[in-house]
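# Examination of the molecular architecture
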Amino acid sequence: MAHIIVVGNEKGGSGKSTTSMHVATALVRMGHSVGALDLDLRQRTFGRYVENRRTYCETHDVKLPMPDYHDLPDVDRAKLKPGENVYDHRLSAAVATLEPDNDFILIDCPGSHTRLSQVAHSLADTLITPLNDSFVDFDLLAHMDPDSGKILSPSVYSEMVWNARQLRAQAGLPSIDWVVVRNRLAAQRMHNKEKMEQALKALSKRIGFRIAPGFGERVIFRELFPRGLTLLDLRDVGVKGQMNISNVAARQELRELMKALNLPGVSVNF
């Protein structure tokens, strides 16, 4: 049975699609078969990323590791029973198609609350939540007293994850391994960075997630998207001699992220 990885955060701009593409292609590069879905049916940033990769490979006559990306299939609404949700069936059909032939299925969720995202979270064996290192983004996970720094209550997204965990428990499935990934970390040891670290550690114990370091704020990620490339592709496409310190550091960040995810059967070898 495929291990399902869901990349979710109800706030846009946290790096979900960049994280999705790098995790998916890294797994393929390490010899695993990976199916992929984008549940943002409007923007399709992850889907566009994969399409850009295919176009780049065709244009430059190169072969790069590629996840098996599928759009959600259409479902005949006339065949649905009263009360059944068309999006539930579209997602179930997509997962059923990908599951027999893949070790992993990676699902990229939209930066908003949707029915598709809600259902996908209940399917997650591993949930990756990219989070910008900011209290604006932290508010999505929990409300905090600004003076004392005390956590007052879980917020909307944490409550959705809790509900997803409850559904899995009722179905007799293992609990979700929830990993909050800190993106756009400042290089310097700043006061805000330390406060975020303390707040996340306290919250992780309260609502049950692991914390992993993500990607720093780097121009390279904006340059990779139009070509569909990832950090691990740079040497394959002739950038080996031009790898600057920032690119090397970003590659190390990806390595540390893959190790921190601790996915079953995965030995990080790049």
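Structure's up top.
Since this is a predicted model, take the numbers as computed values, not measurements. (Residues numbered from 1 in each chain as written. Predicted model: local features only at pLDDT ≥ 70, side-chain atom pairs only at ≥ 80, totals over all residues. Heavy atoms only, no water.)

### Let's talk about the packing of aromatic side chains
Inspection of the entire model under this criterion finds six aromatic pairs. With a centroid separation of 6.1 Å and an interplanar angle of 90°, the aromatic rings of F46 and Y69 are classed as edge-to-face. Residue F46 is located in helix α2 (residues 45–60), and its partner Y69 is located in strand β3 (residues 68–69); the two are separated by 23 residues in the primary sequence. Residues F46 and Y69 agree in their burial class; the two are buried. Taken together, a centroid distance of 6.2 Å and an interplanar angle of 65° make the contact between Y157 and W178 edge-to-face. Separated by 21 residues along the polypeptide, Y157 in helix α6 (residues 156–170) and W178 in strand β8 (residues 177–183) bring together distant segments of the chain. By relative accessible area, Y157 is classed as buried at 0%. On the accessibility criterion, W178 (2% relative accessible area) is buried. (Phe/Tyr/Trp six-rings, centres within 6.5 Å; stacked < 30°, edge-to-face > 60°. Helix = DSSP H or I, 4+ residues; strand = E, 2+ residues; numbered from the N terminus. Buried < 20%, exposed > 50% of the residue type's maximum accessible area, 1.4 Å probe, protein only.)

### Structural notes on the pairing of strand β2 (residues 34–38)
In terms of burial, β2 is largely enclosed, as five of its five residues are buried. Both faces of β2 are covered, namely the face carrying V34, A36 and D38 and the face carrying G35 and L37. Across five bridges, the pairing between β2 and strand β4 (residues 104–108) is parallel. Looking at β4, one finds that D38 is bridged to D108. Two strands pair when backbone bridges link them, and β2 and β3 are joined in this way by two bridges, in the parallel orientation. Residue pairing for β3: G35 is matched across the bridge by D68. Each parallel crossover has a hand, and the one from β2 via α2 to β3 is right-handed. (Pairing = 2+ DSSP bridges. Right-handed = clockwise from strand over helix to strand, strands pointing away.)

### What to know about the packing of helix α1 (residues 16–29) against α2
Two measures define how a pair of helices packs: the angle their axes make with one another and the distance between the axes. Running from N to C, α1 and α2 point in directions that differ by 50°, and their axes come no closer than 9 Å. One finds that α1 runs oblique with respect to α2. The two elements α1 and α2 meet at a crossing, and its hand is right-handed. Where α1 abuts α2, its residues S17, T18, S20, M21, H22 and T25 lie against T45, F46, Y49, V50 and R53. (Axes fitted to C-alpha atoms, helices over the stretch in contact; angles between N-to-C directions. Parallel < 35°, antiparallel > 145°, perpendicular 65-115°, else oblique. Left-handed = near helix turned anticlockwise from the far one by under 90°. Contact = heavy atoms within 4.5 Å.)

### Describing the sheet that holds β4
Strand order across the open sheet formed by seven strands is β3-β2-β4-β1-β5-β8-β9, with parallel pairing between neighbours. Edge positions in the sheet fall to β3 and β9 (210–213), since each has one partner strand and no second. The strands touched by helix α3 (residues 86–98) are β1 (3–7), β2, β3 and β4; relative to β2, the strand with the most contacts, the crossing angle is about 165°. Seen against the sheet, helix α9 (residues 245–261) touches β5 (126–132), β8 and β9 and runs at an angle of roughly 160° to β9.

### Brief notes about the side chain of D233
Of note, D233 is situated in the loop between α8 (219–224) and α9. For D233, the side chain forms a polar contact with the side chain of R53, separated by 2.6 Å. A polar atom in the side chain of D233 sits 2.7 Å from the backbone nitrogen of T230. (Polar contact = N/O pair within 3.5 Å; in protein donor to acceptor, adjacent residues only side chain to side chain.)

### Considering the pattern of salt bridges
A full pass over the atoms with the stated rule returns 16 salt bridges. When the shortest N-O distance is used, the salt bridge between K11 and D137 registers 3.8 Å. Of this pair, K11 sits in the loop between β1 and α1 while D137 sits in helix α5 (residues 135–138), placing them 126 residues apart in sequence. The exposure class of K11 is partly exposed, given its relative accessible area of 28%. Exposure remark for D137: the relative accessible area of 3% places this residue in the buried category. When the shortest N-O distance is used, the salt bridge between E51 and R48 registers 3.0 Å. Here E51 pairs with R48, and both are found in helix α2, just three residues apart, close to one helical turn. Residue classification places E51 among the partly exposed positions, given a relative accessible area of 24%. (Salt bridge = Lys/Arg side-chain N within 4 Å of Asp/Glu carboxyl O.)

### Considerations on α2
In an α-helix, one turn spans 3.6 residues; hence positions three or four apart end up facing the same way. Here α2 contains 16 residues, and its C-alpha end-to-end distance of 22 Å stays within 8% of the 22 Å for a straight helix at 1.5 Å per residue. Buried within α2 are the following residues: F46, G47, Y49, V50, N52, R53, Y56 and C57. In the core, the buried residues of α2 are packed alongside α1, β2, β3, β4 and α8. Where α2 terminates, the next one or two residues include D61, which has phi positive at roughly 55°. (Expected span 1.5 Å × (residues − 1).)

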